[in-house]
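# Examining the three-dimensional arrangement
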Amino acid sequence: MTAPLFVVDTQALEAGAAAGELLLEGAEGRHAVSVRRLRAGEAVTLTDGVGTSAEGVVAAAEGKDQLHVTLGELSHEAEGDPRLVVVQALPKGDRGELAVETMTETGVDVIVPWAASRCVTQWKGPRGEKSLAKWRATAREAGKQSRRRRFPEVRGLASTAELAPLLAQAELAAVLHEEGSAPLATVALPSAGTVVLVVGPEGGVSERELALFAEAGAQPHRLGPSVLRTSTAGTAAAALLLGRSGRWS
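Summary of the structure given here. None of these values were measured; they are calculated from a predicted model. (Residues numbered from 1 in each chain as written. Predicted model: local features only at pLDDT ≥ 70, side-chain atom pairs only at ≥ 80, totals over all residues. Heavy atoms only, no water.)

### Some thoughts on the pattern of salt bridges
Tallied over the entire structure, the rule returns eight salt bridges. A salt bridge links Lys144 to Glu141; the nearest nitrogen and oxygen atoms lie 3.9 Å apart. Of this pair, Lys144 and Glu141 are both found in helix H4 (residues 125–145), three residues apart, which corresponds to roughly one turn of the helix. Assessed through its relative accessible area of 8%, Lys144 is described here as buried. Owing to a relative accessible area of 43%, Glu141 belongs among the partly exposed residues under this scheme. Ionic pairing is found between Arg155 and Glu153, a salt bridge with its closest N-O pair at 3.2 Å. Owing to a relative accessible area of 26%, Arg155 belongs among the partly exposed residues under this scheme. Residue class for Glu153 comes out partly exposed when judged on its relative accessible area of 40%. Bridged by salt links that share partners, the residues Glu28, Arg140, Glu141 and Lys144 form one connected network. (Salt bridge = Lys/Arg side-chain N within 4 Å of Asp/Glu carboxyl O. Helix = DSSP H or I, 4+ residues; strand = E, 2+ residues; numbered from the N terminus. Buried < 20%, exposed > 50% of the residue type's maximum accessible area, 1.4 Å probe, protein only.)

The structure is reproduced here in structure tokens:
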């Protein structure tokens, strides 16, 4: 079984590795001591969530929220290549967090919330800020659970027009669409650069949106014989492409 993973900021991680020891406290320390009940001699992994990490061994647990860890050397994980970006239309209810959680576990590098024209859910004002914060917190927690050293970046809400530059600059941009003429499983993948997948809302991608995306170089592709929900389509497509790209090898 892999060691549990905890998040610390980069500066503290670097200082701890240089000194050979680190005090894990606060929310992460409380989770380690009071929830996971870690004790001396158990292995842990510490990461900053952006690629830097170190393996460690618990030296002692103190109180309810302090874990003394003996640290080894730092290691640095490069970004995945090709980098996988998923543009996710806003689902209803808590299905957005479900999509973020499973895409994080699968290995997606960047998640872009998208206000598609047929989205029922709207992110506006404080509600939108709260929803974005939930997506980011979900990515962090899912990154910890799946033992990722580099968590996905969850960007701010994008409009359809704001997606055009992202699609145009990608080595491959594809819109998941049930009427796509070519299957995603057979599309030629770049060996490096950025792959962008666009996942529409439950009501589908509008004709206007498809036209705008096509102008930016993103063509519609079907994923399979069945129609998946928006909260699961991105994860299924990401798994397909990550397996084909060699990143899962």
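### Regarding the environment of Trp248
One can find Trp248 in the segment after helix H7 (230–245). Separated by 205 residues in sequence, Trp248 and Ala43 have C-alpha atoms that sit 25 Å apart. Trp248 has contacts with Thr106, Ala239, Leu242 and Gly243, leaving out every residue within four places of it along the chain. Engagement of the side chain of Trp248 in a polar contact is seen with the backbone oxygen of Thr106, the distance being 3.5 Å. (Contact = heavy atoms within 4.5 Å. Polar contact = N/O pair within 3.5 Å; in protein donor to acceptor, adjacent residues only side chain to side chain.)

### What about H7?
The end-to-end C-alpha separation of H7 is 23 Å, in line with the 22 Å expected for 16 residues at 1.5 Å each. Every buried residue of H7 is accounted for by Thr230, Ser231, Ala233, Gly234, Thr235, Ala237, Ala238, Leu241 and Leu242. Summarising the contacts, the buried residues of H7 are in contact with strand E6 (83–89), helix H3 (95–106), strand E9 (172–176) and strand E11 (194–199). Positive phi appears at Gly246, one or two residues downstream of H7, with a value of about 95°. (Expected span 1.5 Å × (residues − 1).)

### Some points on the environment of Leu67
When you line up the elements, Leu67 lands in strand E5 (residues 66–76). Using a relative accessible area of 0% as the deciding quantity, one classes Leu67 as buried. C-alpha of Leu67 to C-alpha of Leu38: the two residues are 29 residues apart in sequence and 8.3 Å apart in space. In this view, Leu67 contacts Leu22, Leu23, Leu24, Ala32, Val33, Leu38, Val58, Ala60 and Ala61; residues no more than four positions away in its chain are not counted.

### Notes on the packing of aromatic side chains
Under the counting rule described, the total for this entry stands at two aromatic pairs. Ring geometry for Trp123 versus Trp135: centroids 5.0 Å apart, planes at 80°, classification edge-to-face. Placement of Trp123 in the loop between strand E7 (110–114) and H4 and of Trp135 in helix H4 is noted, with a sequence separation of 12 residues between them. With a relative accessible area of 11%, Trp123 lands in the buried category. (Phe/Tyr/Trp six-rings, centres within 6.5 Å; stacked < 30°, edge-to-face > 60°.)

### A few points about the sheet that holds strand E3 (residues 43–47)
The strands making up a sheet associate through hydrogen bonds between their backbones, and the pairing can be parallel or antiparallel. Taken in spatial order, the five strands make up an open sheet running E1-E3-E4-E5-E2, and their pairing is mixed. At either margin of the open sheet sits one strand with a lone partner, and together these are strand E1 (5–7) and strand E2 (21–24). Going from strand to strand, the sheet's axes swing by 40° on average, the running direction of each strand aside. In the packing of helix H1 (residues 10–19) onto the sheet, contacts are made with E2, E3, strand E4 (52–62) and E5, and the angle to E5 comes to roughly 90°. (Pairing = 2+ DSSP bridges. Axes fitted to C-alpha atoms, helices over the stretch in contact; angles between N-to-C directions.)

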